[in-house]
Amino acid sequence: MLAAAYHSVVVPQKLEEIRAVETVIAPVDDDSLHRAAEVLRAGGLVAFPTETVYGLGANALDAAAVSRIFAAKGRPATNPVIVHVADSSDVALVAAAWPDTAAQLAQRFWPGPLTLVVPKSASVPDIVTAGGPTVAIRCPDHPVARALIRTAGVPVAAPSANRSTELSPTRAEHVLKSLKGRIPLILDGGPCPGGIESTVVDVTAARPRILRPGLITAAMLEAVCGPVDVGAALSGVARSPGLMAKHYSPRTPVVLASTAAEAEQLCRQCQQAGLRPIVVSCEAGSGQCRLPNDPARYARELYATLHELDDGRFDRLIVQLPPDRPEWAAVRDRLLRAAAKNENG
Ligand code: AMP
Ligand code: MG
């Protein structure tokens, strides 16, 4: 039913039409924050840290500004972007309704890595929502993100600050690697403490639905609002970007293994084929690259580790999946996408 409400949105700028700009990385201070806020108010783009990953922000109420995000990232126009607010009270600027469930979840988890999908207000341009009737809103828990949004005085549309389908950035240098010459300003606030993207929950139906898993787990949500569904409904929202198979991918192919033995076997096969593999694992005694055996710490290091291994030294990144348990759902989701082979632009 929702699918019928979606219509195609034309992104005005093609990739080739982006004029090369000098990209400045600025340490965060009063001066750079004010400069960044001015860039946003003038319709420009600013990359900034959040507690999840670095975001590429634009004034969410300015369609031309948001179209620059799509052009800089090479993001398909069918992918809606999340709108960031400095305070819960600012949702009225972009939401036409605020269901009780949204209020309960925001009360408990905001500021924080939880995105709520609600009916959009008329002030939100179509390009933000991919032409859909809903808008995804989040109040980030990062002092720089909140100070920037507050200083700019506008809600800020911001997907991750990387070229479409590439790995998300958790450090300013990751942003530079991906978007150098395509955006004017990166606010360097150090490494992001969360490390993976927010949990996205649609609260427009009677029962909330997790559209994208994140560090706020189903169990945490259920403790506040009762039963939640998991996975995309077969409607328009199924076209949202976190649901695209190939997303968050390094350039080096990622191959997944379920067990240490399988990872070892894949590694030997690669070596026999003359390839240079590396095994990444969180299981004690397994792999040449170890990640923490704890979901939150693993998430914090995941993208930085993949960025580091994606420098041409290896031909295959063989990742042993963490156990198929609810607390690992978000990490497993990102690894499955990193390994997905089909292209979505
Ligand atoms: P990213 O900006 O790359 O972190 O991805 C944005 C995420 O927000 C996607 O995974 C979508 O699931 C979600 N999203 C954004 N806007 C909407 C919307 N209007 N309806 C449903 N999901 C949305
Ligand atoms: Mg992204």
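Quick note: structure is the one above.
These remarks concern the structure in this document. (Residues numbered from 1 in each chain as written. Chains lettered and ligands numbered in written order. Predicted model: local features only at pLDDT ≥ 70, side-chain atom pairs only at ≥ 80, totals over all residues. Heavy atoms only, no water.)

Time to look at the overall build of the protein chain. Scanning the protein chain from terminus to terminus reveals 11 helices and 15 strands. Buried residues in the protein chain amount to 56% of all 345 residues. For the protein chain, long-range pairs separated by at least 24 residues make up 70% of all intrachain contacts whose partners lie at least 6 apart in sequence. Counting only carbon and sulfur atoms, one obtains 52% of the accessible surface of the protein chain, whose full area is about 14200 Å². (Helix = DSSP H or I, 4+ residues; strand = E, 2+ residues; numbered from the N terminus. Buried < 20%, exposed > 50% of the residue type's maximum accessible area, 1.4 Å probe, protein only. Contact = heavy atoms within 4.5 Å. Areas by Shrake-Rupley, 256 points an atom, 1.4 Å probe, with all protein chains shown as cover.)

With that settled, the discussion passes to the sheet that holds strand β13 (residues 277–281). Whether parallel or antiparallel, the strands of a sheet pair through hydrogen bonds between backbone atoms. An order of β12-β15-β13-β14 is seen for the 4 strands of this open sheet, with the pairing classed as parallel. For this open sheet the edge positions go to β12 (254–257) and β14 (289–290), each flanked by a neighbour on one side alone. Pairing analysis gives 4 bridges linking β13 to strand β15 (residues 316–320), with the strands arranged parallel. Following the sheet pairing, Val279 is matched in β15 by Ile318. Lying on the sheet, helix α10 (residues 295–309) is in contact with β13, β14 and β15; it crosses β15 at an angle near 160 degrees. (Pairing = 2+ DSSP bridges. Axes fitted to C-alpha atoms, helices over the stretch in contact; angles between N-to-C directions.)

The next point concerns the packing of helix α2 (residues 30–41) against helix α6 (residues 143–152). Direction vectors running N to C along α2 and α6 enclose 55 degrees, while the axes themselves pass 8 Å from each other. If you check the angle between α2 and α6, you find them oblique. Crossing geometry of α2 relative to α6 is assigned as right-handed. In contact with Leu33, His34, Ala36, Ala37, Leu40 and Arg41 of α2, α6 contributes Val144, Ala147, Leu148, Thr151 and Ala152. Class assignment for the residues of the contact of α2 with α6 results in 8 nonpolar, 2 polar and 1 charged. (Parallel < 35°, antiparallel > 145°, perpendicular 65-115°, else oblique. Left-handed = near helix turned anticlockwise from the far one by under 90°. Nonpolar A, V, L, I, M, F, W, Y, C, P; charged D, E, K, R; others polar.)

This brings us to the environment of Trp328. Position of Trp328 relative to the elements: it lies in the loop between β15 and α11 (329–339). Owing to a relative accessible area of 2%, Trp328 belongs among the buried residues under this scheme. Residues Trp328 and Ala299 lie 29 residues apart in sequence; the distance between their C-alpha atoms is 9.2 Å. Apart from residues lying up to four places away in sequence, Trp328 is in contact with Cys282, Pro292, Asn293, Asp294, Pro295, Tyr298, Pro322 and Pro323.

Let us look at the pattern of salt bridges. Overall, the coordinates contain 13 salt bridges when judged by the stated rule. Ionic pairing is found between Arg251 and Glu166, a salt bridge with its closest N-O pair at 3.4 Å. With Arg251 in the loop between β11 (229–230) and β12 and Glu166 in the loop between β7 (156–157) and α7 (172–179), this residue pair connects regions lying 85 residues apart in the sequence. Look at Arg251 and you get exposed, because its relative accessible area is 61%. A salt bridge links Glu327 to Arg325; the shortest N-O distance between them is 2.9 Å. Look at Arg325 and you get partly exposed, because its relative accessible area is 44%. A network of salt bridges, in which partner residues are shared, links Glu197, Asp333, Arg334 and Arg337. (Salt bridge = Lys/Arg side-chain N within 4 Å of Asp/Glu carboxyl O.)

Counting buried residues in strand β3 (residues 55–59) gives 5 out of 5 residues, a clear majority hidden from the surface. Taken together, the 3 bridges between strand β2 (residues 46–48) and β3 define a ladder with antiparallel strand orientation. Bridging across to β3, Ala47 finds its partner in Leu56. Counting the residues that bridge the hairpin from β2 to β3 gives 6 residues.

Let us now look at the pairing of strand β6 (residues 134–138). With 5 of 5 residues buried, β6 is to be regarded as a mostly interior element. As judged from the 3 bridges shared by strand β4 (residues 82–84) and β6, these two strands associate in the parallel manner. Residue pairing across strands places Val83 opposite Ile137, the latter belonging to β6. The pairing of strand β5 (residues 114–119) with β6 spans 4 bridges and is antiparallel.

Bringing α2 into the picture now. Because an α-helix packs 3.6 residues into every turn, residues spaced three or four apart end up facing the same way. Taking 1.5 Å of rise per residue, 12 residues should cover 16 Å, and α2 covers 16 Å from first to last C-alpha, within 8% of that figure. Of all the positions in α2, only Ser32, Leu33, Ala36, Ala37 and Leu40 are classed as buried. One face of α2 carries all of its buried residues, which in axial projection span an arc of 140 degrees. Residues of α2 that are exposed and point over 90 degrees away from its buried face: Asp30, Asp31 and Glu38. Its side-chain oxygen placed 3.1 Å from the backbone nitrogen of Asp31, Asp29 serves as the N-cap of α2. (Expected span 1.5 Å × (residues − 1). Arc of directions from axis to C-beta. Polar contact = N/O pair within 3.5 Å; in protein donor to acceptor, adjacent residues only side chain to side chain.)

Inside soluble globular proteins, nonpolar side chains tend to come together where they are buried. Core analysis: the biggest nonpolar cluster contains 46 residues, and Leu56, Leu114, Leu116, Ile137, Ile183 and Leu221 have the highest contact counts within it. Residue assignment for this core shows that the elements contributing at least two residues are β3, α3 (63–73), α4 (100–109), β5, α5 (126–129), β6, α7 and α8 (218–225). Considering each element in turn, this core owes the most residues, 5 residues, to α3. Tyr248, Cys282, Ala299 and Tyr303 belong to the second largest nonpolar core, which has 27 residues in total. (Core = buried A, V, L, I, M, F, W, Y, C linked by side-chain atoms within 4.5 Å.)

Functional significance is not addressed by these values, which are geometric in nature.
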